[in-house]
Amino acid sequence: MLAMALGAAACSTTTGGQSAMPAVSIQTLQFYPYLVKGFQNSYPKRTIVVVTPTLLRDFAQAGNADHSPYQGHPAIGEILDQRDQVVQRLYGPELGPLLRDALAEAAREAGMIASTTTNPLQTELQARRADYVLAANLTELWVVKQRGKDTQAGPSWFSAARVSMIVAIYKPPFDVPFWQGASSAQYDDPAMPAAGALPEDETEIYSEPGQVLSVALSRAVAGIFQHEDLHTLLLQDAPRTRP
């Protein structure tokens, strides 16, 4: 089965230099806890419920790439050769539950008491079982890995991943957002040098494009709780009086 390739051959080549990787790879995509520093345990110990995010990806960063799902797996990127031709299409896990759990984990890192739900937003607002409800729209999630120049050590590779989302936090039972904001992250592996500077190291850190995308995902999710206006608002918000 092509789908079981799992990207293990992501950088393999034949002696002739042509790609020998399978046409499809199911990548592992995950949230990396504590990857982003500085916001841990800085929020009040209030309860917050995260509903399953809505997927609103427009695939603008995918260009003309095919972004149709594969056997239930959503498209998350592609691998290109030196001529910009697709040699492998990348797919990942179900994105809604993945992002929902990541948002809850980031809220816990921030110091809040977070849980998740499969309930729709309106149902959760009426349930009034938490101080806040968090809802998100995922607008971007894509990674491209491309083969670069060949060196004495073999072919070089570079990857670029971007994740963006829009977030709203509500105070039950009200359906008007208490706070709204956006968060996005771009991660390049190896890192892009500053304009006019020579790259210090052209060796990639991660062998799998799913890992590169996981870094961007983790940074975008954690970035929500790095919003100073959200931090100040929740610190100043009076605790809800429970019946």
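Residues numbered from 1 in each chain as written. Predicted model: local features only at pLDDT ≥ 70, side-chain atom pairs only at ≥ 80, totals over all residues. Heavy atoms only, no water.

1. A few points about the pairing of strand E8 (residues 154–170)
Of all 17 residues that make up E8, twelve are buried, and the element is covered over most of its length. For strand E7 (residues 132–151) and E8, the ladder comprises 16 bridges, and the chain directions are antiparallel. Looking at E8, one finds that Ala-136 is bridged to Val-167. Note that E8 and strand E9 (residues 179–189) share eleven bridges and pair antiparallel. (Buried < 20%, exposed > 50% of the residue type's maximum accessible area, 1.4 Å probe, protein only. Helix = DSSP H or I, 4+ residues; strand = E, 2+ residues; numbered from the N terminus. Pairing = 2+ DSSP bridges.)

2. Comments concerning the confidence of the model for the protein
Fine structural detail should not be taken from predicted coordinates in areas where pLDDT scores are low. Overall, the prediction assigns the protein a mean pLDDT of 87, with 85% of residues at 70 or greater. Here residues 1–19 scores under 50 on pLDDT; set against residues more than four positions off or in separate chains, the count is 42 contacts. Overall, residues 194–199 carries pLDDT values under 50, and its contacts beyond four positions in sequence, including any with other chains, amount to two contacts. (pLDDT = per-residue confidence, 0-100. Contact = heavy atoms within 4.5 Å.)

3. A closer look at helix H3 (residues 209–224)
Between its first and last C-alpha, H3 extends 24 Å over 16 residues, near the 22 Å set by a 1.5 Å rise per residue. Burial analysis of H3 places 14 of its 16 residues in the buried class, which makes it a mostly covered element. (Expected span 1.5 Å × (residues − 1).)

4. Notes on the environment of Tyr-187
For Tyr-187, the location among the structural elements is in strand E9. A residue is classified by how much of its surface remains accessible, and Tyr-187, at 10% relative accessible area, is buried. Considered as a pair, Tyr-187 and Val-163 are 24 residues apart in the sequence and their alpha carbons are 9.0 Å apart. Residues within four places of Tyr-187 in sequence aside, it is in contact with Ser-159, Ala-160, Ala-161, Ile-205, Tyr-206, Val-212, Val-215, Ala-216 and Arg-219.

5. Some remarks on the side chain of Gln-88
Relative to the elements of secondary structure, Gln-88 occurs in strand E5 (residues 86–91). Of note is the side chain of Gln-88, whose polar atom sits 2.9 Å from the backbone oxygen of Pro-22. (Polar contact = N/O pair within 3.5 Å; in protein donor to acceptor, adjacent residues only side chain to side chain.)

6. Examining the packing of helix H1 (residues 95–110) against H3
Between two packed helices, what matters for the description is the angle formed by their axes and the separation of those axes. At a closest axis distance of 9 Å, the pairing of H1 and H3 adopts a crossing angle of 50°. Viewed along their axes, H1 and H3 adopt a mutual orientation that is oblique. The element H1 and its partner H3 pack so that their crossing is right-handed. On the side of H1, the interface is formed by Leu-98, Leu-99, Ala-102, Leu-103 and Ala-106, while H3 contributes Leu-217, Val-221, Ala-222 and Ile-224. Looking at the contact of H1 with H3 residue by residue, the class counts come to nine nonpolar, no polar and no charged. (Axes fitted to C-alpha atoms, helices over the stretch in contact; angles between N-to-C directions. Parallel < 35°, antiparallel > 145°, perpendicular 65-115°, else oblique. Left-handed = near helix turned anticlockwise from the far one by under 90°. Nonpolar A, V, L, I, M, F, W, Y, C, P; charged D, E, K, R; others polar.)

7. Notes on helix H4 (residues 228–236)
All of the buried residues along H4 are Leu-230, His-231 and Leu-234. Take H4 and look down its axis: the buried residues cluster within an arc of 100°, on one side only. Exposed residues lying more than 90 degrees from the buried face of H4 are Glu-228 and Gln-236. The inward-facing, buried residues of H4 abut E7, E8, E9 and H3. (Arc of directions from axis to C-beta.)

8. Overview of the pattern of salt bridges
Any two side chains of opposite charge can pair, given that their charged atoms come close. On inspection of all chains with the given rule, the structure shows six salt bridges. Arg-100 is the salt-bridge partner of Asp-101, the closest N and O atoms lying 3.5 Å from each other. Two residues, Arg-162 and Glu-140, come together in a salt bridge whose shortest N-O distance is 3.1 Å. Here Arg-162, found in strand E8, pairs with Glu-140, found in strand E7; they are 22 residues apart in sequence, far enough to count as distant. (Salt bridge = Lys/Arg side-chain N within 4 Å of Asp/Glu carboxyl O.)

9. Comments concerning the environment of Gly-92
For Gly-92, the location among the structural elements is in the loop between E5 and H1. For Gly-92, a relative accessible area of 0% translates into the label buried. Separated by 118 residues in the primary sequence, Gly-92 and Gly-210 have C-alpha atoms spaced 7.9 Å apart.

10. Quick notes on the pairing of E5
Sheet topology places strand E1 (residues 24–26) next to E5; three bridges connect them, and they run parallel. Bridge assignment links Val-24 to a residue of E5, and that residue is Arg-89. Taken together, the five bridges between strand E4 (residues 75–80) and E5 define a ladder with antiparallel strand orientation. Considered in E5, the bridge of Leu-80 is made with Val-86. Hairpin connection, E4 to E5: the antiparallel pair is bridged by five residues, and Asp-84 has positive phi, about 65°.

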